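Here's the letter readout for the chains.
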Amino acid sequence: MSAAGAKADIGRALRVGVIGAGVMGSNHARVLAGLPGVLLIGIVDPLPEHRTRAIDLVGCRAFESLDQLFAEGIDAVTIAAPTHLHHEIALACVARNIHILVEKPVASTVEEGREIVAAAERAGVTLMVGHVERFNPAVAAIKKAISGEDILSIGITRVGPFPPRMSNVGVVIDLAVHDIDLIRWFTESDIVEVQPQLSSAVAEREDIALLQFRTASGVLAHINTNWLTPFKARNVTVATRGKYVMGDLLTRQVTECFGFKPDGSYSMRHLPVGHDEPLRAELIAFLDAVRGGKLPAVSGDEGVASLEIAIRCLDSPARPAASTMRKGPRRIAG
């Protein structure tokens, strides 16, 4: 079915498939199975244990290959396969006029990401990148609070324990890319300067990253991320000329400080925050874009731009943590 056909036949249920039955793909299937106007055709994964888990969790059909899914007739897919497969899978879907939501990062390289964007544009299919944090109600509340404000600085902390499922990426691609996207979205400006500090303490790839940025609009921003913290923390602070906004993305509490007086006093209030499941809100936004032929909430170009900044951060080689560099006791001066 063509992109134009999906837009014209708004009343018909969209036939949707999920590619990748890992943790994220299984969650995609779970949410899609419960959405009105959606017919979940099935989930694809080459691993039998993944297919079995998806069937048990969602109760949908599971396929071993893409061709088996395509043979069922698909309007749209979500791609939650390993990142190195995004390029090949996305191009195969575009060739069949299938609309795509691809999990972040959009691809392994900027070049592959650009190829996906160009192919989707030529085919006229919807391409959205799954930066799900934009759909966190706390993030939406922060975005609303700073709308129209003169933003001065942004600080984001995203830390936690070493992930149980080891992947072939470090904290910059796995975690910080979320926040690179948020900085670009909050400021509505490109990142023009990058100052990364990276270290590998216990992993082969970087597991500590302190990243500093400057946007084209002059905003200073930093990201603190690691896999060494024994608990998860997800915090955002935004300073503007008129207010200071603090958000906890896990508890979804957002606080605004305002009305600053010369004597140092100010007012404070908690902002209203919604209760939507971010993934559900993201998938609804994607399907609405497919049905209406509208621009997606997170475009392919935006996904590529955030990936490009993340890769620039990785241009500085990771160094061992200081403790592993000490070969013997430190000498005491004097």
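Residues numbered from 1 in each chain as written. Predicted model: local features only at pLDDT ≥ 70, side-chain atom pairs only at ≥ 80, totals over all residues. Heavy atoms only, no water.

Trainee: Would you mind showing me how to read unusual backbone geometry here?
Mentor: A negative phi angle characterises most non-glycine residues, just as the trans form characterises most peptide bonds. Following K104, the chain continues into P105 via a peptide bond in cis, with omega recorded as -15 degrees. Here P105 shows up in the loop between β5 (99-103) and α6 (110-123). The residue N97 is not glycine, and still its phi comes out positive at about 60 degrees. Of note, E188 is a non-glycine position whose phi angle comes to about 50 degrees, a positive value. (Helix = DSSP H or I, 4+ residues; strand = E, 2+ residues; numbered from the N terminus.)

Trainee: Got a minute to help me understand the packing of aromatic side chains in this structure?
Mentor: Between two aromatic rings, the relevant description is the distance of the centres plus the angle of the planes. Taken as a whole and assessed by the stated rule, the structure comprises 3 aromatic pairs. Between the aromatic rings of F260 and Y266, the centroid separation amounts to 5.8 Å while the plane-to-plane angle is 50 degrees, which identifies the pairing as tilted. Here F260 falls in the partly exposed class, since its relative accessible area comes to 43%. Looking at Y266, the relative accessible area reads 44%, which means it is partly exposed. Here the basic side chain of K143 rests over the ring of W185, its NZ or CZ set 4.9 Å away from the ring centre. (Phe/Tyr/Trp six-rings, centres within 6.5 Å; stacked < 30°, edge-to-face > 60°. Buried < 20%, exposed > 50% of the residue type's maximum accessible area, 1.4 Å probe, protein only. Lys NZ or Arg CZ within 6 Å of the ring centre and 35° of its normal.)

Trainee: Honestly, the packing of helix α5 (residues 86-94) against α6 in this entry has me stumped. Any pointers?
Mentor: Describing two packed helices takes the angle between their axes plus the distance from one axis to the other. For the pair α5 and α6, interaxial distance at closest approach is 10 Å and the crossing angle is 5 degrees. With respect to each other, α5 and α6 are oriented roughly parallel. From α5, H86, H87, A90, L91 and V94 reach across to α6, where they touch E112, E115, I116, A119, A120 and A123. In terms of residue class, the contact of α5 with α6 is built from 7 nonpolar, 2 polar and 2 charged. (Axes fitted to C-alpha atoms, helices over the stretch in contact; angles between N-to-C directions. Parallel < 35°, antiparallel > 145°, perpendicular 65-115°, else oblique. Contact = heavy atoms within 4.5 Å. Nonpolar A, V, L, I, M, F, W, Y, C, P; charged D, E, K, R; others polar.)

Trainee: I'm lost on the pairing of strand β12 (residues 243-248) in this one. Help?
Mentor: Remark: a regular strand shows side chains that alternate across the two faces of the sheet. Residues K243, V245 and G247 line the buried face of β12, whereas the alternating positions Y244, M246 and D248 sit on a face that is not buried. Two strands pair when backbone bridges link them, and strand β11 (residues 233-240) and β12 are joined in this way by 5 bridges, in the antiparallel orientation. Bridge assignment links T237 to a residue of β12, and that residue is M246. Hairpin remark: β11 followed by β12, antiparallel, with 2 residues in the connecting loop. Pairing of β12 with strand β13 (residues 253-258), which is carried by 6 bridges, proceeds in the antiparallel orientation. Across the sheet, V245 pairs through a bridge with E256, a residue of β13. Between β12 and β13, which pair antiparallel and follow one another directly, the connecting turn spans 4 residues, one of which, R252, has a positive phi of 60 degrees. (Pairing = 2+ DSSP bridges.)

That is the geometry; function is a separate question.
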